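Fold and contact review
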Amino acid sequence: MKIVIRPFETSDAVAFVEAVRESLESLLPWMVWAHEDYAEEEALKWFSYTHLQRRQGVADEYGLFTEDGRLLGGAGLRYSSGPDIPAALGYWVRSSEQRKGIARQAVRQITTQAFEQPDIDVIEILAAESNIASRTVATRVGAELIAIRYGLIVLQSGPINTAIYRLYRPHQVAE
């Protein structure tokens, strides 16, 4: 399935809420923002915030869609905030669309675009150590596990072990 990656629009709010509510079982362990009563107003606030981040040049958040407009999930790239802090990528896919290669396809598209920017040489993917699905995506797109560290991800239950993966700018072959 070919996916379309684009910024969220106001008209996506109802579909976003539907996707979040459908996916609570897979989101609740890892995403502190997900909850049973997730509402359209929250989606609209999130969309507004993502547009602000884009204007400020600190992050690009995207919706993942089918070619006919069905919302599949979301992914985001946070840009480096300092010389020793790489860009970071996160993703989620609605429950009914998981295990179809959507996250892998999104990660590949977003990282290809990101590595076109001259100041991005490394992109990190952080995943809870026990989040096997996210970790599998990272390894399948060629990310290298560089460490497991405590406390980089904080869930409602508190800090947890975090797997740190890195993708590096592909080497350019001289012609």
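Structure shown above.
Below you will find a few notes about this structure. Small disclaimer: the values here were computed from a predicted structure and weren't measured. (Residues numbered from 1 in each chain as written. Predicted model: local features only at pLDDT ≥ 70, side-chain atom pairs only at ≥ 80, totals over all residues. Heavy atoms only, no water.)

Attention now goes to the packing of helix α1 (residues 13-22) against helix α3 (residues 40-56). Direction vectors running N to C along α1 and α3 enclose 110 degrees, while the axes themselves pass 9 Å from each other. As judged from the angle between their axes, α1 and α3 are roughly perpendicular. In this structure, α1 meets α3 at a crossing whose hand is right-handed. In this structure, α1 contributes A13, V14, F16 and V17 to the contact, and α3 contributes E40, A43, L44, W46 and F47. (Axes fitted to C-alpha atoms, helices over the stretch in contact; angles between N-to-C directions. Helix = DSSP H or I, 4+ residues; strand = E, 2+ residues; numbered from the N terminus. Parallel < 35°, antiparallel > 145°, perpendicular 65-115°, else oblique. Left-handed = near helix turned anticlockwise from the far one by under 90°. Contact = heavy atoms within 4.5 Å.)

Taken in spatial order, the 7 strands of this open sheet run β1-β2-β3-β4-β5-β7-β6, and their pairing is mixed. Lying at the two open borders of the sheet, with one neighbouring strand each, are β1 (3-6) and β6 (144-155). Across the sheet, the axes of successive neighbouring strands diverge by a mean angle of 30 degrees, strand direction being ignored. Alignment of β6 against strand β7 (residues 158-168), held across 9 bridges, turns out to be antiparallel. Among the inter-strand pairings, L145 is bridged to a residue of β7, identified as Y165. (Pairing = 2+ DSSP bridges.)

The complete set of buried residues in α1 reads A13, F16, V17, A19 and V20. Projected down its long axis, α1 shows its buried positions confined to an angular sector of 165 degrees, all on one face. Contacts from the buried residues of α1 go to α2 (24-27), α3, β3 (71-78) and β4 (87-93). (Buried < 20%, exposed > 50% of the residue type's maximum accessible area, 1.4 Å probe, protein only. Arc of directions from axis to C-beta.)

Below, the discussion takes up helix α4 (residues 102-114). Here α4 is 13 residues long and its end C-alpha atoms lie 18 Å apart, about the 18 Å a rise of 1.5 Å per residue gives. What α4 keeps buried is the set I102, A103, A106, V107, I110, T111 and A114. For α4, the arc enclosing every buried residue in end-on projection is 150 degrees, short of the 170-degree limit, so these residues lie on one face. (Expected span 1.5 Å × (residues − 1).)

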